[in-house]
Amino acid sequence: DCNTISRGRYHALVCWLWDAQIHLPNEQFKEEIFTISVNDLSCTNFQVTSIKSSYVPSSAGAKKNNPSLQIDLTGISATCKGNYGWSGIGRGSGNVVASVSGNTVHLEVDVASAPLSDHVKHSSTNKNNAHA
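Residues numbered from 1 in each chain as written. Predicted model: local features only at pLDDT ≥ 70, side-chain atom pairs only at ≥ 80, totals over all residues. Heavy atoms only, no water.

Explain the overall build of the chain residue by residue, including any values.
Helix and strand counts for the chain stand at 1 helix and 8 strands. Reading the secondary structure of the chain in the N-to-C direction produces α-β-β-β-β-β-β-β-β. Per-residue burial over the chain gives 15% buried out of 132 residues. Within the chain, residue pairs in contact and separated by at least 24 positions form 41% of the contacts whose partners lie at least 6 positions apart. Total accessible area on the chain is roughly 10800 Å²; 54% of this is exposed by carbon and sulfur atoms. (Helix = DSSP H or I, 4+ residues; strand = E, 2+ residues; numbered from the N terminus. Buried < 20%, exposed > 50% of the residue type's maximum accessible area, 1.4 Å probe, protein only. Contact = heavy atoms within 4.5 Å. Areas by Shrake-Rupley, 256 points an atom, 1.4 Å probe, with all protein chains shown as cover.)

This is the structure in structure tokens:
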């Protein structure tokens with residue numbers, strides 16, 4: 001936790017991961033007559049329950065290998081927020097909040113749809129009722 005007084009060995013990394021923001025590109029999915037768009041999706045509040053790292057120095061044998069750093073991250077979690085919209089038969093939009101933790105995925109959707117009549121084009125117009 002970045003707000004606690006205790007400053008362990010990995011405190012700086014924990015805070016950096018928690019504050020990091022990754023912005024994902026906008027996506028659009030089409031299936032038959034429906035289209036779903038996900039926009040402005042960004043992920044933050046990254047956490048890792050376990051980090052294992054090791055360093056392998058270069059070798060000077062017949063085939064010289066470069067040194068390497070190996071890192072294993074376990075228990076990664078994050079929260080992503082964005083917006084979605086759908087169209088097809090009617091139209092709607094809302095907010096998306098997704099939490100990912102290990103093998104568990106939690107998705108929470110705030111639905112706000114517009115009435116179908118707002119999106120239907122009327123075939124006839126009356127020009128005599130135009131207002132100035």
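There is more to say, and it comes next.
Account for unusual backbone geometry, naming residues and giving values.
Although it is not a glycine, Glu32 adopts a positive phi angle of roughly 55°. Located in the positive-phi region is Asn45, a residue other than glycine, with phi close to 60°. Structurally, the position occupied by Asn45 is in strand S3 (residues 34–47). The class for Asn45 is partly exposed, based on a relative accessible area of 22%.

I'd like a rundown of the nonpolar core, residues and numbers included.
Counting residues in each nonpolar core, the largest one holds 7 residues, listed as Leu17, Ala20, Leu41, Cys43, Phe46, Ala78 and Cys80. Elements that contribute at least two residues to this core include exactly S3 and strand S6 (77–88). With 3 residues, the single largest contributor to this core is S3. Excluding residues within four positions of it along the chain, Ala78 makes contact with Thr44, Asn45, Phe46, Ala98, Ser99 and Val100. (Core = buried A, V, L, I, M, F, W, Y, C linked by side-chain atoms within 4.5 Å.)

Before we move on, could you go through the environment of Gln21 and cite the residues and values that matter?
Here Gln21 lies in the loop between helix H1 (11–19) and strand S1 (22–23). For Gln21, a relative accessible area of 53% translates into the label exposed. Along the backbone, Gln21 and Cys43 are 22 residues apart, and their C-alpha atoms lie at a distance of 5.6 Å. With sequence-adjacent residues up to four places away left out, Gln21 is seen in contact with Cys43 and Thr44.

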